[in-house]
Amino acid sequence: MNKILKEKLNEALTSVIPITLIVLVLSITIAPMPVDTLAMFLAGAILLIVGMAFFQLGTDIAMTPMGEGIGAQLPRTKSLPAVIVITLVIGMLITIAEPDLQVLAGQVPSIPNMLLIWSVAIGVALFFLLAVLRTLFQIRLSILLILSYGLVFALSTLVPKDFVSLAFDSGGVTTGPIIVPFIMAFGVGLASIRGDRGAQDDSFGLVAMCSIGPIMAVLLLSIFYDGSDTSYSSVSLPTIEDTRAVAQQFVQSVPTYVHDVLLALVPIILFCAVFQLIFRRFQRQQMKKIGVGFVYTFIGLTLFLTGVNVGFMPAGHYLGQQLAQCGHSWLLVPIGALIGYFLVTAEPAVHVLNHQVENITNGGISHRTMMMALSIGVACSVGLSMLRVLTGISIYWLLLPGYAAALVLTFFVPKMFTGIAFDSGSVASGPMAATFLLPFAQGACEALGGNVMADAFGVVAMVAMTPVLSILILGLIYHHKNDPAAEDDMAAVSSSAEDDEIIVLEEDTENE
């Protein structure tokens, strides 16, 4: 265990050090930062490294096996109503448990927090159910994505302008560190019950579908609620006198995030306990290991959220302000792109996705290749977002052609890449985007006198879109590097094997 934890610490260190160095260099050159803000940022970086290591270890031990077990067991109930009810319950529980949703609720004006949380939870649950049924009935993911995003963009024309960016941000923020590992593991378990080669392709895409639910929920709520109250509360920078006060700032914040993480994990743990009592899926030794994994997840997520919220959020906001006021505001674009390139490596769920892709493809798509494609995508998204802050152009000019191009590309890449690509967008727009990139954009927009709600919000939505394009382009490259004739032969064999497998499954069902 110590060896594995050491590996996770090294991986977290490698992920966090680059963005830390970038902020340090900027703070002593073109964007001078108060010593107290810088000290809190550095302390936050330490918590981030330790928290990410424990979180990833806990995910491997607890969330992944539990998610796969529930996903594999669900179709065995052989009752569609039971599958529907259980899926809806899981979708609502893991959404309400998501800490990032609390952050989102606090930033949406004119809509009561609990109303928004429950609406988003229902939206995620419904699209989670749609994703599960798609996997079971082998419906093409690209068709559902076209229909869903078509409806989303149609609805967005009916809502107040200031809510559009916020609604699209909600899709990325809600699919955070709790939802992503569980749902991705659930997808692997769900697809494994089919046994055919196409099941691997369909193991991805659940997170992508779930990220549409929050967008739909916020759009619908903004139609029925008064959109005139779109006030924005600026991030306040605490005044810190010495290093002891820095430590006190973090210590005082820990109970808040302990409470948030407990609220996040307890419903999932209770559901898993009920699941185990009914189905007896895991042996006693496995359950002990899963229990230890949940403890690691609790420790890791608490440290991670404390670090990013207390240390990174004020630094991101101040850095954005200083760069906008330095006399060369155009630097926001290249510096934002550089920050985005390295910041995505610090998203905890990104590593979960990359490892899963590497395992499912038997190394055909490596962790390093995925990370490079994601980094390029996020760099483009943050650069474009800073361009929006500078010019005030509508987010429609970026999202509409972006998603249109992505949906067209889904018909030209191997099936698996569609699910991987849209999952990657949801995974990349996690807590780091919400607590550093969004305050960074808000600080810059405030300094330039822009409309924060319309121009700064939307950066998370951009982070959720551009990785989709970069991974699909990677899929095109992957496709053209392989012999098309060999792929056709493989598809024919896969189709034949799939038919045989369906027959075998039907016979097994009759025998039972």
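What you see is a predicted model, and the numbers here were worked out from it, not measured in a lab.

Draft legend 1. Quick look at empty space enclosed by the protein. By the definition in use, this model includes seven cavities of 30 Å³ or more. Considered as a void within the structure, the largest cavity measures approximately 100 Å³ in volume. If you trace the largest cavity, you find 14 residues lining it, with Tyr149, Ser211, Tyr403, Ser426 and Ala464 closest to the centre. Elements supplying a minimum of two residues to the lining of the largest cavity: helix H7 (161-174), helix H18 (415-428) and helix H21 (459-481). The residue makeup of the lining of the largest cavity, split by class, is nine nonpolar, five polar and no charged. Of the pockets and cavities examined, the second largest cavity occupies roughly 80 Å³. Forming the walls of the second largest cavity are Arg134, Arg140, Leu141, Ser142, Asp201, Asp202, Phe204, Thr410, Lys415, Thr418 and Gly419. The set of elements that each furnish at least two residues to the lining of the second largest cavity consists of helix H6 (141-156), helix H9 (198-202) and H18.

Draft legend 2. Local environment of the environment of Leu57. Within the secondary structure, Leu57 is located in helix H2 (residues 35-73). When its relative accessible area of 1% is taken as the criterion, Leu57 is described as buried. Residues Leu57 and Gly300 lie 243 residues apart in sequence; the distance between their C-alpha atoms is 8.6 Å.

Draft legend 3. Looking closely at the environment of Leu144. Topologically, Leu144 is positioned in helix H6. For Leu144, a relative accessible area of 12% corresponds to the buried category. Leave out the neighbours within four places in its chain, and Leu144 touches Leu130, Arg134, Ile139 and Met209.

Draft legend 4. Main features of a nonpolar patch on the surface. Side chains of Leu115, Leu158, Leu220, Ile223, Phe224 and Tyr225 sit close together on the surface and give an oily, nonpolar patch of about 570 Å² of accessible area. Here the nonpolar patch takes three residues from helix H11 (residues 212-224), the largest share from any one element. Of note, Leu220 is situated in helix H11.

Draft legend 5. Quick look at the packing of aromatic side chains. Following the criterion strictly, the structure yields 11 aromatic pairs and no others. When the centroid spacing of 4.5 Å and the interplanar angle of 40° are considered together, the rings of Phe41 and Phe312 count as tilted. Highlighted residues: Phe41 in helix H2 and Phe312 in helix H13 (residues 284-325), separated in sequence by 271 residues. Across the pair, Phe312 and Phe41 agree in class, each one buried.

Draft legend 6. The pattern of salt bridges, seen in detail. Under the counting rule described, the total for this entry stands at one salt bridge. Here Asp60 ties to Lys8 by a salt bridge, and the two come within 2.7 Å at their closest N and O atoms. Note that Asp60 is positioned in helix H2 and Lys8 in helix H1 (residues 2-27), a separation of 52 residues in sequence. Judged by relative accessible area, Lys8 falls into the buried class, the value being 10%.

Rules used in this analysis
- Residues numbered from 1 in each chain as written.
- Predicted model: local features only at pLDDT ≥ 70, side-chain atom pairs only at ≥ 80, totals over all residues.
- Heavy atoms only, no water.
- 1 Å grid on protein atoms, 1.4 Å probe; cavity = no way out; pocket = protein on both sides within 12 Å on 5 of 7 lines; lining within 4 Å.
- Points joined across faces, edges and corners; volume = space filled by probe spheres on them.
- Helix = DSSP H or I, 4+ residues; strand = E, 2+ residues; numbered from the N terminus.
- Nonpolar A, V, L, I, M, F, W, Y, C, P; charged D, E, K, R; others polar.
- Buried < 20%, exposed > 50% of the residue type's maximum accessible area, 1.4 Å probe, protein only.
- Contact = heavy atoms within 4.5 Å.
- Patch = residues over 30% accessible without salt bridge, like charges linked within 9 Å, V, L, I, M, F, W, Y side chains within 5 Å.
- Areas by Shrake-Rupley, 256 points an atom, 1.4 Å probe, with all protein chains shown as cover.
- Salt bridge = Lys/Arg side-chain N within 4 Å of Asp/Glu carboxyl O.
- Phe/Tyr/Trp six-rings, centres within 6.5 Å; stacked < 30°, edge-to-face > 60°.

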